[in-house]
Amino acid sequence: MSELTLNQARELLLAKTEKIEETEEILLWEGVGRTLAEDILAKRDQPPFPRSPLDGYAVRSGDIAEASRECPVRLQVIDEVDAGHVSGRRVKEGCAIRIMTGAPIPEGADCIVRQEDTDYGEETVKIYKQIRAWENYCFAGEDYKAGSKILKKGAGLGSIELGTLASLGLEKALVFRRVRAAVLTTGDELALPGEELKPGKIYDSNLYTLVTRLTGLGVETVRKGRTGDNPEEAAAWIREAARETDLILTTGGVSVGKKDIMHDVLKLLNARRLFWKIAIKPGMPTLCAQYEGKLLICLSGNPFGAAVNLELLVRPVLAEMTGRKELEPKRIRAVAESEFPKRSGVTRYVRAFYKDGKVRIPEGSNASGILSSMCGCNCLIEIPAGTPEVKRGDEAWVILL
Ligand code: AMP
Ligand code: MG
């Protein structure tokens, strides 16, 4: 079978991807990264009353039209109102009410004089400055009016949106439910961190890389596990996992070796193969199928290959499932500060650090089995097939992680 381009592979997956329409109600505290499933209309004005934007005196602009430092206007202070309280008094001619930031502007007043423009008087106050009507005056509904649409269905929720929902008095929001995923690592050589390492074994890093990355992308990993290189065992695990997930990721066993079991697993499951092999490095042998209507994405066991394919292939699927465009990998141009001397017949991804328009390749190997040199990296440099070696000062495409 010939290799697909990354774009072809992506399109094949996206053609089988469905947006999740089920919803759930969540507390706003848990809302970061979620997507609103309903339009939000304001039930009342915000702020609900006209309020003072500063500490000063609520007055009638007509009373202080002639005020200046040389000729102050003296007003009688008839009340004081703090934020959270309401003055029962009305500001009549010749009067003022002392007012603090956030307090409701009493009736009769049409502007606020900053206290710095007065003598801070308690019984009477000298006003040193003329203020026009509605100056220093926050109107009710200045933020939003009752009945207006504040957020639309499909809006992504971050701290500002969640704060805005709270300003409406809401505690909860209706959002689309999260993607439910399962992650299975396969390989007889794998030991779980915490276990003793026996001869011939290595610790399973993929499970940690993939599960924690999915968590960071807002996915709920409802199942994680590991099996040996045993097709029956892996097929049974996937069969179970498919009952409660939208997406299943596996690593290992997708190449052409005797122990590359995932081909048999697909047969045992009677899963429909979508493709095998993408013309990229690392992560070339990726195998994708559909099982029980769910995508089954089988990644290479090589830690760098698995991590790269999660970014390039799985993220677009998550963006489609959630409608969250920001989950798509972001591509930018950057100037290389390091060289990468290898040519490649297929598109190659190189771990790197991006900062301020420049991109630098770390010390250490870029081989697909090597993970630790990727620590601290925040991007991949994309080197298209057939490109000559990357030289210092060359411009390149960079995919931000
Ligand atoms: P495979 O894709 O099964 O041929 O594995 C390719 C390489 O990745 C081998 O060197 C494996 O030992 C290694 N490998 C496979 N699975 C994992 C894993 N979960 N964590 C770390 N390394 C792995
Ligand atoms: Mg293996």
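Residues numbered from 1 in each chain as written. Chains lettered and ligands numbered in written order. Predicted model: local features only at pLDDT ≥ 70, side-chain atom pairs only at ≥ 80, totals over all residues. Heavy atoms only, no water.

## Some details on the site of ligand 1
Near ligand 1 there are 16 residues, and of these Glu 189, Asp 204, Ser 205, Gly 253 and Gly 301 occur at the shortest range. A distance of 2.5 Å is found between an oxygen atom of ligand 1 and a side-chain nitrogen or oxygen belonging to Glu 189. Between ligand 1 and the protein, one listed contact pairs a nitrogen atom with a side-chain N or O atom of Asn 206 at 3.3 Å. Its free accessible area being 480 Å², ligand 1 has 76% of it covered by the protein chains. Per-class residue counts for the shell around ligand 1 are four nonpolar, nine polar and three charged. (Near = heavy atom within 4 Å. Polar contact = N/O pair within 3.5 Å; in protein donor to acceptor, adjacent residues only side chain to side chain. Areas by Shrake-Rupley, 256 points an atom, 1.4 Å probe, with all protein chains shown as cover. Nonpolar A, V, L, I, M, F, W, Y, C, P; charged D, E, K, R; others polar.)

## Side note on the packing of helix 4 (residues 231-242) against helix 5 (residues 262-269)
Where helix 4 contacts helix 5, the two axes come as close as 9 Å, and the packing angle between them is 55°. The angle between the axes of helix 4 and helix 5 places the two elements in the oblique class. As for how helix 4 packs across helix 5, the hand of that crossing is right-handed. Here Pro 231, Glu 232, Ala 234, Ala 235, Ile 238 and Arg 239 of helix 4 lie close against helix 5, whose contacting residues are Met 262, Asp 264, Val 265, Leu 268 and Leu 269. Classifying every residue of the contact of helix 4 with helix 5 by side-chain character gives eight nonpolar, no polar and three charged. (Axes fitted to C-alpha atoms, helices over the stretch in contact; angles between N-to-C directions. Helix = DSSP H or I, 4+ residues; strand = E, 2+ residues; numbered from the N terminus. Parallel < 35°, antiparallel > 145°, perpendicular 65-115°, else oblique. Left-handed = near helix turned anticlockwise from the far one by under 90°. Contact = heavy atoms within 4.5 Å.)

## A word on the packing of aromatic side chains
Tallying each qualifying case throughout the model produces three aromatic pairs. Residues Trp 134 and Phe 139 carry aromatic rings whose centres are separated by 5.6 Å and whose planes lie at 45° to one another, so their mutual orientation is tilted. Judged by its relative accessible area of 39%, Phe 139 is partly exposed. Counting every residue linked through ring pairs, the aromatic cluster contains Trp 134, Tyr 137 and Phe 139. The aromatic ring of Phe 176 is capped on one face by Lys 19, whose charged end is 3.8 Å from the ring centroid. Positioned above the aromatic ring of Trp 397 is the side chain of Arg 331, whose terminal nitrogen or guanidinium carbon lies 4.8 Å from the ring centre. (Phe/Tyr/Trp six-rings, centres within 6.5 Å; stacked < 30°, edge-to-face > 60°. Buried < 20%, exposed > 50% of the residue type's maximum accessible area, 1.4 Å probe, protein only. Lys NZ or Arg CZ within 6 Å of the ring centre and 35° of its normal.)

## Some words on the packing of helix 3 (residues 206-216) against helix 6 (residues 303-322)
Running from N to C, helix 3 and helix 6 cross one another at 25°; their axes reach a closest spacing of 10 Å. Relative to helix 6, the element helix 3 lies roughly parallel. The crossing of helix 3 and helix 6 is right-handed. Residues Asn 206, Thr 209, Leu 210, Arg 213 and Leu 214 of helix 3 lie in contact with helix 6, whose contacting residues are Pro 303, Ala 306, Ala 307, Leu 310, Glu 311, Arg 315 and Leu 318. For the contact of helix 3 with helix 6, the class distribution of residues is seven nonpolar, two polar and three charged.

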